[in-house]
Amino acid sequence: MRKYGFGVDIGGTTCKVGLFEAAGALVEKWEIPTDTREGGKNILPDVAASLKGKMEEKKIGKDEIEGIGVGIPGPVQPDGSVPLCVNLGWKDKNVPEELGKLMDGILVKAGNDANVAALGEMWQGGGKGCKSLVMVTLGTGVGGGIIIDEKIVAGANGAGGEIGHITVNPHETIPCNCGRKGCLEQYCSATGITRLAKEALSEGHEASVLDHAKEVSAKAVFDAYKGQDPLAGQVVGKFARILGKALSNIACVADPEVFVIGGGVSKAGDVLLEAVGKCFQEAAFPSCAGIKFALASLGNDAGMYGCVKLVLENS
């Protein structure tokens with residue numbers, strides 16, 4: 001195995017770049033702007049220039065680089081090609097081929113950003129020591145990634161791990177951002193929790209600190225829950241039942257060793273794991289009831305770690 005690898009997590013605004021030792025230690029990280037003008041034609045050349053600049057600065061030769069892993073905010077085909085990525089302006093982009101040429105033949109692999117984040121958490125984060133996990137990202141939406149035997153499960157259409165769009169309420173009348181109705185992220189994302197709280201506040205209820213909150217948010221709900229506020233308890237209870245039951249269904253298919261919970265909502269900490277874990281156990285198939293729950297620990301760096309793991313996985 002060669003000494004180093006690069007992880008490049010491309011976002012709509014910035015590209016997070018990391019230089020790693022092959023054993024997993026992060027040597028240095030930095031960011032460059034994502035130039036999405038003119039169909040994003042400058043993104044990969046800009047990445048290549050940044051990587052070459054770092055290699056020159058650190059006096060690292062091409063023969064010391066195991067490879068470059070790239071995370072993409074959209075579906076990625078098994079060969080690393082990207083049919084369409086609206087956030088970057090890309091259409092029919094072969095990332096490994098194009099970046100590989102720009103980097104003089106260094107191995108390049110690409111994956112969906114949520115999937116590589118899950119791979120990163122398995123390798124060096126909340127799922128370290130496990131070979132199979134499901135990562136659940138609770139942010140503005142609900143994202144996910146499935147890792148089985150240390151391999152990303154991307155699916156035939158690159159949609160593996162899109163757990164936020166599991167239907168959990170067939171009676172929902174309000175559309176999800178995906179256009180369907182009753183998706184998990186309509187209730188268990190940060191915006192979903194806010195929605196549940198506002199619905200509870202609009203009904204008859206005991207006095208609650210949320211009645212006087214400057215902003216009703218997922219954080220405010222969990223802060224109130226930690227203070228044993230009854231209405232917050234009602235909201236968190238509904239959130240936990242929905243998410244716990246959804247994860248019990250996922251467990252019947254993926255049977256992971258651990259569910260790793262990340263995203264902004266996960267900052268609520270152990271109380272979130274306890275609430276969801278209890279509801280999961282009540283709904284789980286008996287053989288899956290012992291699956292562990294853990295908090296993600298790599299934060300915004302998870303994608304970079306997972307990108308590097310992509311190119312190290314066969315080393």
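The present account deals with the structure reproduced in this document. (Residues numbered from 1 in each chain as written. Predicted model: local features only at pLDDT ≥ 70, side-chain atom pairs only at ≥ 80, totals over all residues. Heavy atoms only, no water.)

### Topic: the packing of aromatic side chains
Here the structure, examined in full by the defined rule, presents seven aromatic pairs. Relative to tyrosine 305, the ring of tryptophan 123 lies with its centre 6.3 Å away and its plane at 70°, an arrangement referred to as edge-to-face. With tryptophan 123 in helix α4 (residues 113-124) and tyrosine 305 in helix α10 (residues 302-312), this pair connects stretches of sequence that are 182 residues apart. Tryptophan 123 sits in the buried class, given a relative accessible area of 12%. Take tyrosine 305: its relative accessible area is 13%, and that puts it in the buried class. A ring pair is formed by phenylalanine 259 and phenylalanine 280, whose centres lie 5.6 Å apart and whose planes are at 70°; its orientation type is edge-to-face. Of the two residues, phenylalanine 259 sits in strand β11 (residues 258-262) while phenylalanine 280 sits in helix α9 (residues 270-283), which places them 21 residues apart along the sequence. Phenylalanine 280 shares its class with phenylalanine 259; the two are buried. Pairwise contacts between aromatic rings join Phe20, Trp123 and Tyr305 into one cluster. (Phe/Tyr/Trp six-rings, centres within 6.5 Å; stacked < 30°, edge-to-face > 60°. Helix = DSSP H or I, 4+ residues; strand = E, 2+ residues; numbered from the N terminus. Buried < 20%, exposed > 50% of the residue type's maximum accessible area, 1.4 Å probe, protein only.)

### Some points on the side chain of lysine 309
On the secondary structure map, lysine 309 appears in helix α10. The exposure class assigned to lysine 309 is buried, which follows from its relative accessible area of 11%. Here lysine 309 is in contact with Leu119, Met122, Trp123 and Glu150, once residues within four sequence places are set aside. (Contact = heavy atoms within 4.5 Å.)

### Brief notes about the sheet that holds strand β12 (residues 292-295)
The five strands lie next to each other as β10-β9-β8-β11-β12, forming an open sheet whose pairing is mixed. One side of each edge strand has no neighbouring strand; the edge strands of this open sheet are β10 (151-152) and β12. Where strand β8 (residues 133-138) meets strand β9 (residues 142-148), six bridges bridge the pair, whose relative direction is antiparallel. Bridge pairing in β9 places leucine 138 opposite valine 142. Across the face of the sheet, helix α8 (residues 230-254) comes into contact with β8, β9, β11 and β12 while running at roughly 150° to β8. (Pairing = 2+ DSSP bridges. Axes fitted to C-alpha atoms, helices over the stretch in contact; angles between N-to-C directions.)

### Let's talk about the packing of helix α7 (residues 218-226) against α8
Running from N to C, α7 and α8 cross one another at 115°; their axes reach a closest spacing of 8 Å. Taken together, α7 and α8 sit at an angle that is classed as roughly perpendicular. In this structure, α7 crosses over α8, and the sense of that crossing is left-handed. Side by side, α7 and α8 meet where Val221, Phe222, Ala224 and Tyr225 of the first sit next to Ala232, Gly233, Val235, Val236 and Phe239 of the second. Split into classes, the residues belonging to the contact of α7 with α8 amount to eight nonpolar, one polar and no charged. (Parallel < 35°, antiparallel > 145°, perpendicular 65-115°, else oblique. Left-handed = near helix turned anticlockwise from the far one by under 90°. Nonpolar A, V, L, I, M, F, W, Y, C, P; charged D, E, K, R; others polar.)

### Some details on the state of the cysteines
One pass over the full model with this rule turns up zero disulfides. We note that cysteine 178 lacks a disulfide partner, and the nearest cysteine sulfur, in cysteine 183, lies 3.7 Å from it. (Disulfide = S-S within 2.5 Å.)

### Details of the pairing of strand β3 (residues 26-33)
For strand β2 (residues 14-21) and β3, the ladder comprises seven bridges, and the chain directions are antiparallel. Considered in β3, the bridge of leucine 19 is made with glutamate 28.

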